[in-house]
Amino acid sequence: MYVVYQAYDDNTAEILDIGSYGRKLMTEQELIIFGNKHDVLGLSVSGHKINYITAYNCLSFSSEEEANEYIKYNNLSYQNKRYMCGYWWVFEKKNNKIHVDYYVCNYKGEEVTYVGEDNKGKTLYTPYIQAAKSFNKKEAGEKAALMRKNSKTGTYWTTQRVVVS
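The structure presented is a predicted model; accordingly, all values stated were derived computationally and were not measured.

On to the packing of aromatic side chains. Scanning the model with the defined rule gives 7 aromatic pairs in all. Ring geometry for Trp89 and Phe91: centres 6.4 Å apart, planes at 10 degrees, overall stacked. Of the two residues, Trp89 and Phe91, neither departs from the other in class, the shared state being buried. An angle of 75 degrees between the planes, with centres 6.3 Å apart, marks the rings of Tyr103 and Tyr114 as edge-to-face. Linking Tyr103 in strand 10 (residues 99-108) with Tyr114 in strand 11 (residues 111-117), this pair joins segments that are 11 residues apart in sequence.

Non-glycine residue Asn75 carries a positive phi angle of around 55 degrees. As for its placement among the helices and strands, Asn75 is situated in the loop between helix 2 (64-73) and strand 8 (81-84). With a phi angle near 55 degrees, Cys85 is a residue other than glycine that sits in the positive phi range. Inspection of the secondary structure puts Cys85 in the loop between strand 8 and strand 9 (87-93). Given a relative accessible area of 51%, Cys85 falls into the exposed group.

Glancing now at the nonpolar core. Judged by nonpolar contacts, the single largest core of 14 residues is most densely connected at Val4, Ile15, Leu31, Leu43, Ile50 and Ile53. Considering every element that reaches this core, the biggest residue donor is helix 1 (residues 28-37), with 3 residues. Sequence-distant contacts of Ile15, that is, excluding residues within four places in its chain, are made with Tyr2, Val3, Val4, Gly22, Arg23, Lys24, Met26, Leu31, Phe34 and Val40. Counting residues in hydrophobic clusters, the runner-up holds 10 residues, among them Val104, Val115, Ala140 and Ala144.

Looking now at the sheet that holds strand 8. Taken in spatial order, the 3 strands make up an open sheet running 7-9-8, and their pairing is antiparallel. With partners counted over all chains shown, the strands left at the sheet margins are strand 7 (56-61) and strand 8, one partner each. Ignoring strand direction, the axes of neighbouring strands in this sheet form an average angle of 30 degrees. The pairing of strand 8 with strand 9 spans 4 bridges and is classified as antiparallel. Among the inter-strand pairings, Arg82 is bridged to a residue of strand 9, identified as Trp89. Packed on one face of the sheet, helix 2 meets strand 7, strand 8 and strand 9 and runs near 15 degrees to strand 9.

So, about the environment of Val112. Position of Val112 among the secondary structure elements: in strand 11. Sequence separation of Val112 and Gly42 is 70 residues, and the distance between their C-alpha atoms is 36 Å.

The next subject is the sheet that holds strand 13 (residues 158-164). If you trace the 4 strands from one edge of the open sheet to the other, you get 12-11-10-13, paired in antiparallel fashion. Every other strand in the sheet has two partners, leaving strand 12 (123-126) and strand 13 as the edge strands with one partner each. Each neighbouring strand pair of the sheet contributes to a mean axis angle of 40 degrees, computed without reference to strand direction. The pairing of strand 10 with strand 11 spans 4 bridges and is classified as antiparallel. Counted as the bridge partner of Lys108 is Glu111 from strand 11. Along the sheet face, helix 3 (residues 137-150) touches strand 10, strand 11, strand 12 and strand 13 and points at about 15 degrees away from the line of strand 10.

Rules of the game
Residues numbered from 1 in each chain as written. Predicted model: local features only at pLDDT ≥ 70, side-chain atom pairs only at ≥ 80, totals over all residues. Heavy atoms only, no water. Phe/Tyr/Trp six-rings, centres within 6.5 Å; stacked < 30°, edge-to-face > 60°. Buried < 20%, exposed > 50% of the residue type's maximum accessible area, 1.4 Å probe, protein only. Helix = DSSP H or I, 4+ residues; strand = E, 2+ residues; numbered from the N terminus. Core = buried A, V, L, I, M, F, W, Y, C linked by side-chain atoms within 4.5 Å. Contact = heavy atoms within 4.5 Å. Pairing = 2+ DSSP bridges. Axes fitted to C-alpha atoms, helices over the stretch in contact; angles between N-to-C directions.

Structural data, given as structure tokens:
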């Protein structure tokens, strides 16, 4: 069984495999393909798009009585209880998505240069991520592609994904 363990606002998610306890961060395209092939708690996919992503807390109990006691104490639904891999599992919706920012940058060895803007919208370059301009995923990709195309020095501009806690 698969469960959405962390959900991000850029339509990416961390998927937990209950059988192996493995976790994998998947992009939007990977989630669509995976969701069409597998049943994933917290992920709804139809055709080529994601309907919704919801993260779940996953708690395991060695006995059904312990699981029932937890459900009763926390006022949860008994439908959220399942028996798998020798344990009783209780799944609880987190109801939050973690915010993700994207930055445009280039790497030269260990040095990173970020793209920023001044008050008038003029492009500035900075080694500090705090002074860089944050973008959404699409805008960052477009800006990086434009900067690669217009680079007179052959500098390779790319995007950097930063999870904001």
